[in-house]
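Observations on the model geometry
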Amino acid sequence: MTMPPYKSCPLTGSKMSSDVLLNLQMVPGLSVFMVMVLLLLNFCLTVTSVPVTGSFQSEFNITWSGNNVMIFNDGNMIQLVLDNVTRSGSGFTSKHQYLFGRIDMQIKLVPGDSAGTITAYYLSSQTDNHDEVDFEFLGNSSGDPYILQTNLYASGVGAREQRIRLWFDPSSDFHSYSVFWNKYHIIFLVDNIPIRVYENHLGIAFPSGQPMGIYSSIWDGDSWATRNGAQKLNWSHAPFIASYQNYYIDGCQWSQPIPACGLPNATNWWDGTQYQKLDGNQMSYLEWVKKNYMVYDYCLDTSRFPSPPTECSITN
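Residues numbered from 1 in each chain as written. Predicted model: local features only at pLDDT ≥ 70, side-chain atom pairs only at ≥ 80, totals over all residues. Heavy atoms only, no water.

Regarding the overall build of the protein chain
Counted only if it meets this: The helix and strand labels rest on DSSP assignments: H or I over at least four residues marks a helix, E over at least two residues marks a strand, and numbering proceeds from the N terminus. For the exposure calls, accessible area comes from a 1.4 Å probe over protein chains only, and a residue counts as buried if that area is under 20% of its type's maximum, exposed if over 50%, partly exposed in between. The contact criterion used is simple: two residues touch if any of their non-hydrogen atoms lie within 4.5 Å.
Along the backbone of the protein chain there are four helices and 14 strands. Counting all 316 residues of the protein chain, 52% fall into the buried class. The contacts in the protein chain between residues at least 6 apart in sequence include a share of 69% that link residues at least 24 apart.

What about the packing of aromatic side chains?
Threshold: For this analysis, a ring pair means two rings from Phe, Tyr or Trp (six-membered ring only for Trp) whose centres lie within 6.5 Å, classed as stacked if their planes differ by under 30 degrees, edge-to-face if by over 60, and tilted for the remaining angles.
For the structure on display, the rule yields 24 aromatic pairs. Here the aromatic rings of Phe-60 and Phe-92 are separated by 5.2 Å at their centres, their planes lie at 85°, and the arrangement is edge-to-face. Remark: Phe-92 occurs in strand β4 (residues 90–108) and Phe-60 occurs in strand β1 (residues 60–64); sequence separation between them is 32 residues. Each member of the pair, Phe-60 as well as Phe-92, carries the same accessibility label: buried.

Description of the pairing of strand β10 (residues 185–190)
Test applied: A pair of strands counts as paired when DSSP detects no fewer than two bridges linking them.
Counting buried positions over the six residues of β10 gives six, a clear majority of the element. Residues His-185, Ile-187 and Leu-189 of β10 are buried on one face, and the alternating residues Ile-186, Phe-188 and Val-190, pointing to the opposite face, are buried as well. Two strands pair when backbone bridges link them, and strand β9 (residues 175–181) and β10 are joined in this way by five bridges, in the antiparallel orientation. Bridging from a neighbouring strand, Trp-181 pairs with Ile-186 of β10. Linkage of β9 to β10, two consecutive antiparallel strands, is achieved through a turn of three residues. Relative to strand β11 (residues 193–199), β10 runs antiparallel, the two sharing six bridges.

A word on the state of the cysteines
The condition is simple: Two cysteine sulfur atoms form a disulfide, by the criterion used here, when they sit within 2.5 Å.
Taken as a whole and assessed by the stated rule, the structure comprises one disulfide. The side chain of Cys-299 participates in a disulfide bridge whose partner is Cys-312; the two sulfur atoms lie 1.9 Å from each other. Its S-S torsion of approximately -70° makes the covalent link between Cys-299 and Cys-312 left-handed. A residue pair is termed long-range when its members are at least 10 positions apart, and Cys-299 in the segment after β14 (294–297) and Cys-312 in the segment after β14 qualify at 13 residues. Given a relative accessible area of 22%, Cys-299 falls into the partly exposed group.

Quick word on the layout of surface pockets
Taking a probe equal in size to a water molecule and rolling it over the atoms shows the remaining empty space. The following threshold applies: As defined here, a cavity is a set of points on a 1 Å grid over the protein atoms alone where a 1.4 Å probe fits but cannot get out. A pocket is an open set with protein on both sides within 12 Å along at least five of seven lines, and residues line them when an atom is within 4 Å of a point. Grid points are joined across faces, edges and corners, and a volume is the space filled by probe spheres set on the points. Classes in brief: Ala, Val, Leu, Ile, Met, Phe, Trp, Tyr, Cys and Pro nonpolar; Asp, Glu, Lys and Arg charged; the others, Gly included, polar.
Of the pockets and cavities examined, the second largest pocket occupies roughly 170 Å³. Every residue lining the second largest pocket is listed: Leu-138, Gly-139, Asn-140, Ser-141, Asp-144, Pro-145, Ile-147, Arg-163, Ala-225, Thr-226, Arg-227 and Asn-228. Tallied by class, residues from the lining of the second largest pocket come to four nonpolar, five polar and three charged.

Quick word on the pattern of salt bridges
Which entries qualify depends on this criterion: Here, a salt bridge means any side-chain nitrogen of Lys or Arg that lies within 4 Å of a carboxyl oxygen of Asp or Glu.
For the structure shown, the criterion picks out three salt bridges. Where Asp-104 meets Arg-102, a salt bridge forms, and the shortest distance between an N and an O atom there is 2.8 Å. A relative accessible area of 15% means that Asp-104 is categorised as buried. Take Arg-102: its relative accessible area is 9%, and that puts it in the buried class. Here Arg-304 makes a salt bridge to Glu-161, at a shortest N to O gap of 2.9 Å. Here Glu-161 lies in the loop between β7 (147–153) and β8 (162–165) and Arg-304 lies in the segment after β14, a separation of 143 residues in the sequence. A relative accessible area of 36% places Arg-304 in the partly exposed class. Here Glu-161 falls in the buried class, since its relative accessible area comes to 16%.

Quick word on the environment of Ala-230
Within the fold, Ala-230 resides in the loop between β12 (212–220) and β13 (240–253). The exposure class of Ala-230 is exposed, given its relative accessible area of 64%. In this structure the C-alpha to C-alpha distance between Ala-230 and Ala-115, which are 115 residues apart in sequence, comes to 9.9 Å.

What to know about empty space enclosed by the protein
Applying the stated criterion across every chain, the model contains two cavities of 30 Å³ or more. Of the voids in this model, the largest cavity is the one considered here, and its volume is about 40 Å³. Lining of the largest cavity is provided by Leu-148, Thr-150, Gln-162, Arg-163, Ile-164, Ile-195, Arg-196 and Met-294. Of all the secondary structure elements, the ones that give two or more residues to the lining of the largest cavity are β7, β8 and β11. Broken down by class, the residue content of the lining of the largest cavity amounts to four nonpolar, two polar and two charged. Each pocket or cavity is described by its volume, and for the second largest cavity that value is around 30 Å³. Lining of the second largest cavity is provided by Tyr-98, Phe-100, Gly-101, Arg-102, Ile-103, Leu-123, Val-179, Trp-181 and Gly-251. Breaking the lining of the second largest cavity down by element, the ones donating at least two residues are β4 and β9.

Below, the structure is given as structure tokens:
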């Protein structure tokens, strides 16, 4: 079961820059200096969306327990470890922040008995009233299905959890987990299959103004990760190891003082008409996931929300 990518090929700004220069030179009364300033501005706007891939050392920093981070294959694979000696997890984060675009990461989760562990992969602004987009993989007992919890924070407010059972064993091989993000919606994808969409509706908080970094970590979450904390982490099965490879970032890299990411621009491919809503095929996959694999939806949890959150009552 495969789906076409949201973006088929990289866009570059080289031709656009030369065209802009040609057009600017024809504007009456515009000095050479101003032409160069405007050209530089255009260059700043275009280079922000060049796709990024390669070694983890080039784009990510270790942020937590460096001794529990292992790097292989000339930096193209990284492993995060939760060990039974220090009982410390580990983590990494991107060197840059992004506003809109697509982030892909291939992850192979902890094999065997991983009950009580949490492997987190998310975007976050790390600010007051922060925005955040979460993938949280909740560990399991051997033979039980992995649970993937997604969540979203907008202007500091979260509690928007959904949970699905994955339809494959995510610990036997690498699978792709992606976030597509523009001003219209945020789409969570697994192996390019949409599993969740959070839309931007007027009057409802939506992550659209704060750039976010990319984060991942593994940690001891046995107070709630497996069967709501009833099943604890078995340290005799440590070390618990999550592996990462083949990241791909094609979004607007945030840079100051020019917040180019929020401005209309020909290289902002994510603003294209074809990316403003799911097509019929993608909607079919989304409904397939909801029907067969969803095990929790905050919109349906009347014990937590006697009145459904506003976004839940809007028909997409």
